[in-house]
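Letter by letter, the chains look like this.
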Number of protein chains: 2
Amino acid sequence: MKRRRFTLVRRPRGTPVAADFALVEEEVPPLAEGEFLVANRFASLDPAIRGWLDDAPSYMPPVPLGEAVRASTVGEVVTSRNPAFPVGQWVVGLNAIETHSVARGDGFTSPVDPGLVPSPTAFLSTLGAVGMTAWFGVERVLMPVHGQTLLVSAAAGAVGSLVGQLGRLRGCRTIGIAGGEAKCRRLVERYGYDAAIDHRGRDADAIAAAIRAAAPDGVDLVFENVGGACLDGALMTLRDGARIALCGLISEYNAPAPVGARNLWQLIVRKATMRGFLVSEWLAEWPEGIAAMAALLAEGKLVADEHIDRGLDQAFPAFMRLFEGGNDGKMILEIV
Amino acid sequence: MKRRRFTLVRRPRGTPVAADFALVEEEVPPLAEGEFLVANRFASLDPAIRGWLDDAPSYMPPVPLGEAVRASTVGEVVTSRNPAFPVGQWVVGLNAIETHSVARGDGFTSPVDPGLVPSPTAFLSTLGAVGMTAWFGVERVLMPVHGQTLLVSAAAGAVGSLVGQLGRLRGCRTIGIAGGEAKCRRLVERYGYDAAIDHRGRDADAIAAAIRAAAPDGVDLVFENVGGACLDGALMTLRDGARIALCGLISEYNAPAPVGARNLWQLIVRKATMRGFLVSEWLAEWPEGIAAMAALLAEGKLVADEHIDRGLDQAFPAFMRLFEGGNDGKMILEIV
């Protein structure tokens with residue numbers, strides 16, 4: 001039996017190019033005891049994947065050259081040597097962008113029931129790592145209090161759009177930063193942000209001025225996905241005791257070297273805290289977070305958008321949308 | 001009655017120069033009801049003063065042009081229209097580098113008893129803002145646990161030398177970063193650091209390598225006074241869940257623009273926290289902190305060094321020692 005895989009053939013330098021990857025077809029390896037084969041139906045394309053392509057010390061080993069690119073997938077078990085994961089069982093797990101993944105049922109693979117949701121893609125978005133990043137980032141890192149002002153960057157993105165809505169549900173005034181007029185309209189009209197700021201053509205000072213115009217008393221909470229000018233601008237508008245949840249720095253993932261932030265001195269004068277986090281910190285509590293997000297969805301209190309591109313041959317351009325701002329909602333690849 | 005003052009005549013651009021300041025003599029203004037005149041005996045020279053010289057939004061208004069440079073002083077009341085501060089009372093307060101300060105007895109001026117300490121300079125060092133910065137930074141921001149590894153930059157400085165000793169008393173393994181061989185020897189021999197790293201001639205990568213050599217498992221706690229390569233190096237060596245107390249960024253105070261840190265992505269992958277703080281956050285608890293530090297001093301558990309330059313005409317070169325690393329211990333100006 002053959003499988004097709006989207007493999008890494010060369011480590012990207014800066015912005016990935018198509019030639020860094022290859023589509024290969026190969027024989028599915030035989031299953032060892034305890035393993036099972038998942039026919040992947042959808043793969044989650046996330047900015048974090050960019051980090052896994054580099055050979056740098058991080059929270060996970062880099063994707064080996066010649067191997068399929070790591071990603072969360074949802075799919076159906078089609079062969080099994082693991083009684084806990086029988087044929088026909090749907091699972092979500094950290095697998096790879098490929099038609100079939102060999103899985104072991106370890107910590108990162110869970111059985112799911114696609115009958116519970118309108119589409120199994122929900123397990124990669126609102127009920128997956130993206131939804132849990134928003135949920136635990138808000139609940140455990142920002143811990144908003146009614147009446148606080150929350151600033152979100154990449155506010156129309158998969159995580160950001162949920163963070164803005166969760167913040168609003170907690171009684172925050174929400175300000176979103178996004179790229180372009182159309183996204184800024186979506187922030188207000190679709191995700192309920194109180195104000196939207198277009199970062200395009202604005203440096204850190206101009207972003208800070210725009211934040212101050214929307215929040216003259218400054219911001220209490222920042223959910224940071226972007227870094228660069230967005231973060232440096234946000235730092236200039238903190239209120240005393242502000243908290244920054246540092247979730248991602250997508251603006252620098254393709255930079256030749258880390259960029260960071262220049263206005264760190266504001267953390268001192270504002271007695272502010274910046275907390276980096278990974279959603280895996282609360283892995284044991286995901287079931288609780290998934291139940292909470294599922295309930296909000298069922299009650300119609302959350303808008304969750306997905307942008308689905310179709311076909312393994314579209315993996316590269318679909319992935320690159322994340323860095324070009326070319327997706328509206330959670331970026332997902334349908335594996336056919 | 002005349003007083004002499006060290007005044008700001010021009011806002012420094014980058015590194016201050018002598019011509020940014022002037023020594024002037026003027027008539028002491030008449031006291032209003034509630035005011036009293038302090039004959040300053042010693043002034044505390046601190047890196048924070050550099051920030052007060054800039055016209056930038058911060059936690060305090062900038063020193064006005066033509067005014068004496070703000071500094072903590074200790075001295076004796078010589079004229080008084082405030083019954084709570086009678087003539088002969090010694091006080092410590094946020095005044096200025098001048099022979100006589102007009103004070104009102106507000107939150108930043110407290111009566112002290114110089115009979116309790118070997119020298120009144122103690123109220124500007126171990127029992128003053130410097131000592132409280134170390135104490136509350138360790139107790140309230142870092143909250144060390146026995147067996148953790150603590151990294152301190154500017155580790156031979158007024159604050160850093162106390163932080164290393166407080167960390168050691170709490171059961172931490174302590175690593176200090178300082179500039180030059182002599183200071184590194186002091187770290188180990190005088191302040192009890194377990195290891196010393198000379199930052200001179202080392203970039204962020206080399207500093208990270210040196211930290212890793214001293215702490216192969218990484219560092220749990222960082223007390224950051226310097227920024228730049230020291231902070232970027234430290235960021236590369238964090239353990240999971242590390243905490244950084246951001247106290248100061250002296251390496252960039254004279255830079256033409258803020259520098260910040262490039263390796264912020266490590267906060268994410270290490271699930272780490274950076275907390276900026278000002279010692280004024282715990283002003284109401286200073287008496288408790290002062291009592292704790294006084295007890296440690298009395299028990300001979302703390303070494304507290306002072307570097308005293310003499311004469312108001314030495315104010316500028318004495319202040320500049322802070323940025324040149326030319327002082328061993330708390331920098332104090334004796335006002336004569």
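Residues numbered from 1 in each chain as written. Chains lettered and ligands numbered in written order. Predicted model: local features only at pLDDT ≥ 70, side-chain atom pairs only at ≥ 80, totals over all residues. Heavy atoms only, no water.

*Asks:* Lay out the pairing of strand S4 (residues 70–80) of chain A with the relevant residues and their values.
*Replies:* Residues and elements named next belong to chain A. Bridge count between strand S3 (residues 36–44) and S4: seven bridges; the pairing is antiparallel. Bridging across to S4, Asn40 finds its partner in Gly75. Where S4 lies against strand S5 (residues 90–96), seven bridges are found, and the strand directions are antiparallel. Within S5, the residue paired with Ser72 across the bridge is Leu94. (Pairing = 2+ DSSP bridges. Helix = DSSP H or I, 4+ residues; strand = E, 2+ residues; numbered from the N terminus.)

*Asks:* Any chance you could break down the relation of the copies chain B and chain A for me, citing the residues and the numbers?
*Replies:* The two copies are related by a screw operation: chain B maps onto chain A through 180° of rotation and 0.0 Å of translation along the axis, at an RMSD of 0.0 Å. Taken together, the turn and the small shift mark the pair as related by a two-fold rotation axis. Most of the interface of chain B is mirrored in chain A, where 97% of its interface residues are also at the interface. (Least-squares fit on C-alpha atoms with pLDDT ≥ 70 in both. Contact = heavy atoms within 4.5 Å.)

*Asks:* Could you give me a rundown of helix H6 (residues 228–235) of chain A, with the residues and numbers involved?
*Replies:* A large share of H6(A) lies buried, amounting to seven of its eight residues. Among the residues of H6(A), A:Gly228, A:Cys230, A:Leu231, A:Asp232, A:Gly233, A:Ala234 and A:Leu235 are the ones counted as buried. (Buried < 20%, exposed > 50% of the residue type's maximum accessible area, 1.4 Å probe, protein only.)

*Asks:* So, the interface of chain B and chain A: which residues are in play, and what are the values?
*Replies:* Each partner contributes residues to the interface: chain B has 32 residues there, and chain A has 31 residues. Roughly 2,500 Å² is buried in total at the junction of chain B and chain A, and carbon and sulfur atoms are behind 68% of that figure. If you sort the residues of chain B by the area they bury against chain A, B:Leu264, B:Ile268 and B:Lys271 come out on top, with a joint share of 23%. Between the two partners, chain B and chain A, sit zero salt bridges. For the pair chain B and chain A, the number of links is six residue pairs in polar contact (both at pLDDT 80 or more). If one sorts the elements of the side of chain B that touches chain A by residue count, helix H7 (residues 265–269) of chain B sits on top with five residues. Looking at the side of chain B that touches chain A, its residues break down into 19 nonpolar, seven polar and six charged. (Buried area = accessible area lost by both parts, 1.4 Å probe. Salt bridge = Lys/Arg side-chain N within 4 Å of Asp/Glu carboxyl O. Polar contact = N/O pair within 3.5 Å; in protein donor to acceptor, adjacent residues only side chain to side chain. Nonpolar A, V, L, I, M, F, W, Y, C, P; charged D, E, K, R; others polar.)

*Asks:* Would you mind going over the sheet that holds strand S9 (residues 173–178) of chain A in detail, with residue names and values included?
*Replies:* Strand order in the open sheet formed by twelve strands is S10(A)-S9(A)-S8(A)-S11(A)-S12(A)-S13(A)-S13(B)-S12(B)-S11(B)-S8(B)-S9(B)-S10(B), with mixed pairing between adjacent strands. The open sheet has two free edges, formed respectively by strand S10 (195–198) of chain A together with strand S10 (195–198) of chain B, since each of these has just one partner strand. For this sheet, the mean angle separating the axes of adjacent strands, direction not counted, is 15°. Against the sheet, helix H4 (residues 181–189) of chain A engages S9 and S10 of chain A, with an angle of about 165° to S10(A). Helix-sheet contacts for helix H3 (residues 158–169) of chain B involve strand S8 (149–153), strand S9 (173–178) and strand S11 (219–224) of chain B, and the interaxial angle to S8(B) is about 170°. (Axes fitted to C-alpha atoms, helices over the stretch in contact; angles between N-to-C directions.)

*Asks:* Would you mind going over the side chain of A:Asn95 in detail, with residue names and values included?
*Replies:* All names here are of chain A. Checked against the element boundaries, Asn95 lands in strand S5. Side-chain polar atoms of Asn95 contact the side chain of Thr73, separated by 3.0 Å. Residues in contact with Asn95, not counting those within four places in the same chain, are Asn40, Val69, Arg70, Ala71, Ser72, Thr73, Ser101 and Ala103.

*Asks:* Explain the domain arrangement of chain A to me, and be specific about the residues and the numbers.
*Replies:* Residue and element names in this part refer to chain A. Taken domain by domain, chain A consists of domain 1 (2–125 + 304–334) and domain 2 (129–280). Between domain 1 and domain 2, the C-alpha centre-to-centre distance is 28 Å. Of the residues lining the interface, 20 residues belong to domain 1; the matching set on domain 2 comes to 14 residues. Summed over both partners, the interface of domain 1 with domain 2 buries about 1,400 Å², with 52% contributed by carbon and sulfur atoms. (Domains from an automatic or database assignment.)

*Asks:* Run through the pattern of salt bridges, naming residues and quoting values.
*Replies:* Pairing between side chains becomes possible if they bear opposite charge and their charged atoms approach one another. Residues and elements named next belong to chain A. According to the stated counting rule, one finds 54 salt bridges over all chains in the structure shown. In this structure, Glu26 engages Arg5 in a salt bridge whose closest nitrogen and oxygen atoms are separated by 3.7 Å. With Glu26 in strand S2 (residues 21–27) and Arg5 in strand S1 (residues 2–8), the pair connects residues that are 21 residues apart, well separated along the chain. For Glu26, a relative accessible area of 27% corresponds to the partly exposed category.

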